Amino acid sequence: MFYMLKGDRGGQALLLLLSIAVVLIPVLNLVVPEGHALHVSTFTVTLLGKYLAFALLAVAVDLVWGYMGILSLGHGAFFALGGYAMGMYLMLQIGDRGVYGNPDLPDFMVFLNWEEVPWFWQGFDSFWFAMIMVALVPGLLAFVFGALAFRSRVTGVYLSIMTQALTYALMLAFFRNEMGFGGNNGLTDFKDILGFSLQSDSTRVALFIASAVALALGYLACRAIVVSRLGKVVVAIRDTEDRVRFIGYRVDHIKLAIFTFSAVLAGIAGALYVPQVGIINPGEFSPLRSIELVVWVAIGGRATLYGAVLGAFIVNYSKTYLTGAAPEVWLFALGALFVLVTLYLPNGLAGLSKKKEAAV
Amino acid sequence: MLSFITKNRFLPVWLLGLCLLPALASATPPVGSDAFAQAVERLQVKSYKEREAAVAALISSQDERVKPVLEAMLNARLFYTKKDKITVIGIKTKDGFSITGVLDQKSLGNASKSQLKKIKVNNKLRRILRAGIAALALSDPAPEVRLSAVKQMYGKLDNAGIQILTAHYETETDSKVREEIQTLLHIHDLSSDDRNTVLKAVAALSKSLHPEVRNKLELLKDSTDQEISAASGDALKHIEGQLAFYAKVKTAFFGLSLGSVLVLAAIGLAITFGVMGVINMAHGELIMLGAYTTYVIQQLMPQYIGMSLLVAIPTAFLVSGAVGILIERLVIRHLYGRPLETLLATFGISLILQQTVRTIFSPLNRSVETPQWMSGFLEINPALSLTYNRLYIILFCLLVFAVLFLVIKKTSLGLSVRAVSQNRAMARAMGIRASRVDALTFGLGSGIAGIAGVALSQITNVGPNMGQDYIIDSFMVVVFGGVGNLWGTLIGGFSLGIANKFMEPWAGAVLAKILVLVFIILFIQKRPRGLFPQKGRVN
Amino acid sequence: MSALAKIRETFRRDQVFDFVNKQDYSRVDTSHGQILYVEDVSVSFDGFKAINELNFYIEVGELRCMIGPNGAGKTTMMDIITGKTRPDQGSVWFGQNINLLKMTEPEIAQAGVGRKFQKPTVFEHHDIFENLEMAMAGNKGVWSTFRARLSSEQHDRIASVMEIIGLSDCAKQRAGALSHGQKQWLEIGMLLMQNPKLLLVDEPVAGMTHQEMDKTGELLTSLAGEHSVVVVEHDMDFVRSIAKKVSVLHQGSILAEGSMDEVQNNQRVIEVYLGE
């Protein structure tokens, strides 16, 4: 079963850490009493859960960028779409506990004087339907966009710019109130998920565990692709696309499959992120967000899946720390990170350790 | 048209003579300040009849102080002091009036109500005053003043006004004013009792775009008279056709101006991306630097706003160009041949530039002032007026494009740039210092971005985020037009701008923008090399 | 083609629509002895005619050399056959039943046309074994590629190809680290793994030593017979050493065809190569 982890020491370490965390953190949060030195606060649990969702997103980006060479600036959009699907479910769970107390309509619809829930909200009161949409909506968008783009062989920076334009268009669209997704404010004020209160410690811990499991499964799935012959062909596409075509592979099909799969992973990451942070708004579609997550992968080391996880944790931890301690410094630091990593650390941190291994 | 004169006997004949004032001026004494002073004094008499005569004398005195006196009188603000019998204009304050002498135009401080006596007017006098004021304006030597005087009479034209206008029409020399007067008189004719007059007026007005005409014709359409009703229906149809046409012209103009903004923002990118193949995500921030340069220069020379803009153009070019060269030397040079890495690194630079500006100037938007000669609008006809700032932006955009085009096509730098972009190794073998050319080209593209910033500072907010608003649009324009083709950028920018503005009325601004983006995304799938692909073998 | 002509073509009564009459790419019909028919093919780039009414046929099992000065259209011809460039007119058939002009590059490759590029193009980040493994004939759909596991027969096949191209000793070496000549061989090896019926080989001995050249010549002649081989080459000595039949390409069309001696004594060929 775990053949794909053979020789992947980073991946082995990651899965080990995840298993430990899944056991240890719930105990330290729920069993160890507050005030005890070893107690892990719910705030920290949620923060870690958020990072895990980001890490899954980073793995998805790494698969298309690091391995297949497509710099997608649209994964923030897939993430956000997954998040919105989850947000819609959570929104309909509020029921009459909203400010306006309307049992059928979310607050913002009451505010807009809407009579009923629009058609595209139908079905989102069911958790499983929403979960299908979490995967389906980003997947479908990626599929349609990819089918067009890869067939006509839009590559390189053109593709990046097109994905960015797509993200930007979606952002503009979601900012509109008429779209029916809460406009500027997005979806928020969630109360509970599957009947469990989102404020309670145990729900938070459960979400953390779900994120860890999702990351582990996502990692294994990507790893399975990477070590298969398909994975080799994917890397070959990155290096010499023409050659792959001339030995008989449908490059557009392969790209489309990987791109769509990666978008689905991003959507799932978004769905895990939303209940933990309690809000989803159009800001998630901003081009900055999409491009920022590329730097997670870059710093961790592209074309090493565990590097993506590492990068997501490091950059996001720094962000949490810096935006708290010295907010002005954060953008300087992020900007400098972009420049320095591309100039001096093309293989990221994972590349450093590899170099050392090679030297030894 | 001249039929009124005989029909209306409401006005004293002397007032009609007024319209001939410029011609008569030299012939009729007494004029001048003495006459004015005498006339002002005569205003204080009790009898309305006498006062009428005084007003007449006042007007014929042709003194420049007459108009404020007449206006004050009309608005019941003309007084004389009980004690000294000095005629004054009073403006109501909290307790009493602040008064100004009519003759010497000096402030005489405050006076209580009891110290003043109002110079009263009745309806007839009011009419005379209004006509007098209009007639005065009509006798002004400047045609613009006469034109605006005529325009002010729209909608409040009474018989007196008609008589004045009709008389003035005879002596008017300016064709615009004549036309305006004629329209006005025709509009009046529409309410005439005489069928033929009405029909003639309808026929004459079917080319007029004045809003008042439409209202009147709209009423006439319901007339019981078949012929009038039909004629005004036809005239209305014609007018509405014209209006629809001008509305389209106006939209196209808005589109052109949006397009020129897009072209300005994108044209620097057309150099760095199109010619050099460098993805510069900091391009928007170079535009922003240009805008902030404008702001700083205005702060340095606040009394010369118009001048500061002219100074800002070369300065912004140098500032953004220098920053561009710095970026090229320090970062991009190391990343040639790795476009995706260049994209990421320059994005990092854009964040740093944004935050730098935010730290230095505050995160809030700065306001850059618009010089006098850029505000206001050019009126082509009542249905179409073009604002000067948009007009200037279009012209400026074309100018920048032309200069850049010449630089690339005609100068030795341009030749080197094209050589290096086509075949680097060969160019180097011919003795071109490729790396220096790279730096200069990048500097040129960046400098143009700075100039775009100066232009944008006149129409949008100047803030740290302004660059981000333009970067995606700029890339879209370049990619849509065809990378490596300056003409493509120009035509691409204009057509996107126009398409956007034509969609706005039914789609709304945001949706129009989304539709344009989606269109480009689909278009690129169909023609990956843009509207005007660079020629050459497909590789 | 004008729009009207296109419509006429679409609704010709003697033909059914393409989607009704799906081509069967799996079996190439060579019952008439020819494997490639290139007829009346022309293509131009921005007014420059790169290929001008080109006609030639390749027989089953033949080894054909194509020579010609720079810009004669040799690479463009290969681009057309392999589907990279679409000609403005003409037809290209693989056997009697497969119309190559209606197919994409991967479909053409799957049908049995292999191509070696002028500049050796291998997957530099993969080792030699992996390069060959990826090129191996078989179902190349996304899912099958994902599920693909090497059988022992396939293993042996890769090993034997490595033997043929003389790279058995360095199966785990990254292709990027190979010498220029070795890369050329690896690319030929990848062609072999595809099991093609027709090999198009563009300048196989560029940058090779004499010894390597001889070895390449041997390899190519040994391939002919089982496969049909078209070699485009500049090096006359090499062409002389392997060629039975030579075509001279000039300004996008065939100038002369025949044995090496015939071609060399052809007056027009001499003019093109020496004169002017």
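What you see is a predicted model, and the numbers here were worked out from it, not measured in a lab.

### Thoughts on the overall build of chain A
Thinking step 1. Assigned secondary structure in chain A consists of 14 helices and four strands.
Thinking step 2. Expected size for 360 residues packed as a compact globule is a radius of gyration near 21 Å; at 21 Å, chain A falls within 12% of this value.
Thinking step 3. On the principal axes, the C-alpha backbone points of chain A span a range of 65 × 55 × 45 Å.
Thinking step 4. Burial status across chain A gives 59% buried among its 360 residues.
Thinking step 5. Summing over all exposed atoms, chain A offers an accessible surface of approximately 14,100 Å²; the carbon and sulfur share of this is 66%.
Thinking step 6. Measuring between centres, the 23 positive side-chain charges of chain A sit 17 Å from its 21 negative side-chain charges.

### Focus on helix α5 (residues 127-151) of chain A
Thinking step 1. With 25 residues, α5(A) extends 35 Å from end C-alpha to end C-alpha; this agrees with the ideal 36 Å at 1.5 Å per step.
Thinking step 2. A bend of about 25° at A:Met133 is the largest found in α5(A).
Thinking step 3. Looking at the buried side of α5(A), the elements it contacts are α3 (75-93), α6 (156-175), β2 (192-193) and α10 (251-277) of chain A together with α23 (509-526) of chain B.
Thinking step 4. Downstream of α5(A) by a residue or two, A:Arg153 has a phi angle that is positive, lying close to 60°.

### Here's the deal with the interface of chain A and chain B
Thinking step 1. With 39 residues of chain A at the interface, the matching set in chain B holds 41 residues.
Thinking step 2. Both faces considered, chain A and chain B share a buried interface measuring about 3,500 Å² in area, 81% of it formed by carbon and sulfur atoms.
Thinking step 3. Seen at the junction of chain A and chain B, the total is one salt bridge.
Thinking step 4. Among the ionic pairs, A:Arg302 bridges to B:Glu341, the shortest N-O distance being 2.9 Å.
Thinking step 5. Summed over the shared surface of chain A and chain B, the result is five residue pairs in polar contact (both at pLDDT 80 or more).
Thinking step 6. Secondary-structure elements contributing two or more residues to the side of chain A that touches chain B are α5, α6, α11 (287-300) and α13 (327-344) of chain A.
Thinking step 7. In terms of residues, the side of chain A that touches chain B owes the most to one element, α6(A), which gives 13 residues.

### Quick look at a positive patch on the surface
Thinking step 1. Taken together, the side chains of B:Lys46, B:Lys82, B:Lys85, B:Lys92, B:Lys113, B:Lys117, B:Lys118 and B:Lys120 make up a positively charged region of the molecular surface.
Thinking step 2. Among the structural elements, B:Lys46 can be located in the loop between α4 (33-42) and α5 (48-60).

### Remarks on the sheet that holds strand β6 (residues 113-116) of chain C
Each strand in a sheet pairs with its neighbour through backbone hydrogen bonds, running either in the same direction (parallel) or in the opposite one (antiparallel).
Residues and elements named next belong to chain C.
Thinking step 1. If you trace the six strands from one edge of the open sheet to the other, you get β6-β7-β8-β3-β9-β10, paired in mixed fashion. Edge strands, defined here as strands with exactly one partner in the open sheet, are β6 and β10 (253-258). Taken over all neighbouring pairs, the strand axes of this sheet differ in orientation by 20° on average, direction set aside.
Thinking step 2. When strand β3 (residues 63-67) meets strand β8 (residues 228-232), the two strands line up parallel, connected through four bridges. Its bridge partner being in β8, methionine 66 is matched across the sheet by valine 232.
Thinking step 3. Against the sheet, helix α2 (residues 74-81) contacts β3, β6, β7 (198-202), β8 and β9 (245-250), and its axis sits at roughly 150° relative to β7.
Thinking step 4. The sheet contacts of helix α7 (residues 180-193) involve β6 and β7, and relative to β6 the element is tilted by about 175°.

### Focus: the packing of helix α6 (residues 66-74) of chain B against helix α7 (residues 123-138) of chain B
All names here are of chain B.
Thinking step 1. Remark: α6 packs on α7, axes separated minimally by 10 Å, with the N-to-C direction vectors making an angle of 150°. When the axes of α6 and α7 are compared, the pair comes out roughly antiparallel. Two packed elements cross with a definite hand, and for α6 against α7 that hand is left-handed. Listed contacts from α7 to Val66, Lys67, Leu70, Glu71, Met73 and Leu74 of α6 are Leu125, Arg126, Leu129, Arg130, Gly132, Ile133 and Leu136.
Thinking step 2. By residue class, the composition of the contact of α6 with α7 is eight nonpolar, one polar and four charged.

### Describing the nonpolar core
Thinking step 1. Of all hydrophobic cores here, the largest spans 251 residues; its most connected members are A:Trp121, B:Phe273 and C:Leu186.
Thinking step 2. No other element matches the 17 residues that helix α2 (residues 42-67) of chain A contributes to this core.
Thinking step 3. Core analysis: the next-biggest nonpolar cluster, separate from the first, contains 40 residues, B:Leu165, B:Leu217, B:Ile239 and B:Leu243 among them.

### Concerning the confidence of the model for chain A
Thinking step 1. Within chain A, residue pLDDT values average 91, and 98% of them lie at 70 or more.
Thinking step 2. For chain A, the element scoring lowest by mean pLDDT is helix α14 (residues 348-359) of chain A, at 65; α10(A) scores highest, at 96.

### Here's the deal with the sheet that holds strand β4 (residues 89-94) of chain C
Residues and elements named next belong to chain C.
Thinking step 1. Reading across from one edge, β2-β1-β4-β5 is the order of the four strands in this open sheet, with antiparallel pairing throughout. For this open sheet the edge positions go to β2 (48-59) and β5 (98-99), each flanked by a neighbour on one side alone.
Thinking step 2. As defined by bridge partners, strand β1 (residues 34-45) adjoins β2 across eight bridges and the pair is classed as antiparallel. Counted as the bridge partner of valine 43 is isoleucine 51 from β2.
Thinking step 3. The sheet contacts of α2 involve β1, β2 and β4, and relative to β2 the element is tilted by about 65°.

### Some words on the packing of helix α18 (residues 412-422) of chain B against helix α20 (residues 434-457) of chain B
Residues and elements named next belong to chain B.
Thinking step 1. Packing of α18 against α20 leaves a shortest axis separation of 10 Å and a crossing angle of 110°. Compared by their axis directions, α18 and α20 come out roughly perpendicular. Between α18 and α20 lies a crossing of left-handed hand. For the pair α18 and α20, the contacting residues are Leu413, Ser416, Val417 and Val420 in the first and Ala434, Val437, Asp438, Leu440 and Thr441 in the second.
Thinking step 2. Of the residues that constitute the contact of α18 with α20, the class distribution is six nonpolar, two polar and one charged.

What counts and what doesn't
- Once a new chain begins, its residue numbering starts again from 1 and follows that chain's sequence as written.
- Throughout, the order in which chains and ligands are written sets their labels, letters from A for the former and numbers from 1 for the latter.
- Reporting in this predicted model follows two pLDDT cut-offs: at least 70 for local features of residues, and 80 or more for side-chain atom pairs to be given and counted; totals over whole chains, interfaces and linings ignore these cut-offs and use all residues.
- Just so you know, side-chain values use all the structure's heavy atoms and leave hydrogens and water out.
- We count a stretch as a helix when DSSP gives it H or I for four or more residues in a row; a strand needs E for two or more, and each element gets its number in order from the N terminus.
- Two things to know: the radius of gyration comes from C-alpha atoms, and the globule rule equals 2.2 Å times the number of residues to the power 0.38.
- Three labels apply to residues, based on accessible area from a 1.4 Å probe with only protein chains included: buried if under 20% of the type maximum, exposed if over 50%, partly exposed otherwise in between.
- With residues, only the protein chains shown are counted as cover, and all accessible areas are computed by Shrake-Rupley using a 1.4 Å probe.
- A positive count includes Lys and Arg, and a negative count includes Asp and Glu. His and the chain ends are not counted in either.
- Taken as the charge location is NZ of Lys, CZ of Arg, CG of Asp or CD of Glu.
- How far a helix is expected to stretch is found by multiplying one less than its residue total by 1.5 Å.
- A residue's bend is given by the angle between axes fitted to the 7 residues ending at it and the 7 residues starting at it.
- Pairs of residues are marked as contacts when any of their non-hydrogen atoms sit within 4.5 Å.
- In this description, buried area is defined as the sum, over both parts, of the accessible area (probe of 1.4 Å) that is lost when the two are combined.
- Definition used for salt bridges: Asp or Glu carboxyl oxygen within 4 Å of a side-chain nitrogen of Lys or Arg.
- We call two N or O atoms a polar contact when they sit within 3.5 Å, provided that within protein one can donate a hydrogen and the other can accept it, with sequence-adjacent residues counted only if both atoms are side-chain atoms.
- To count toward a patch, a residue needs a relative accessible area over 30% and no salt bridge; like charges are then connected within 9 Å, while nonpolar side chains (Val, Leu, Ile, Met, Phe, Trp, Tyr) are connected within 5 Å.
- Two strands qualify as a pair provided that DSSP identifies no fewer than 2 bridges between them.
- Angles run from 0 to 180 degrees between N-to-C directions of axes, and those axes are lines fitted to C-alpha atoms, restricted for helices to the stretch in contact.
- We call two directions roughly parallel when the angle between them is under 35 degrees, roughly antiparallel when it is over 145, roughly perpendicular when it lies between 65 and 115, and oblique otherwise.
- By convention, the crossing between two helices is left-handed when the near helix turns anticlockwise from the far helix through less than a right angle, and right-handed when the turn is clockwise.
- Each residue gets one of three labels, nonpolar for Ala, Val, Leu, Ile, Met, Phe, Trp, Tyr, Cys and Pro, charged for Asp, Glu, Lys and Arg, and polar for the others, Gly among them.
- Grouping buried Ala, Val, Leu, Ile, Met, Phe, Trp, Tyr and Cys residues that are joined through side-chain atoms within 4.5 Å yields what is termed a nonpolar core.
- Confidence scores per residue from the predictor, reported as pLDDT, run from 0 to 100.

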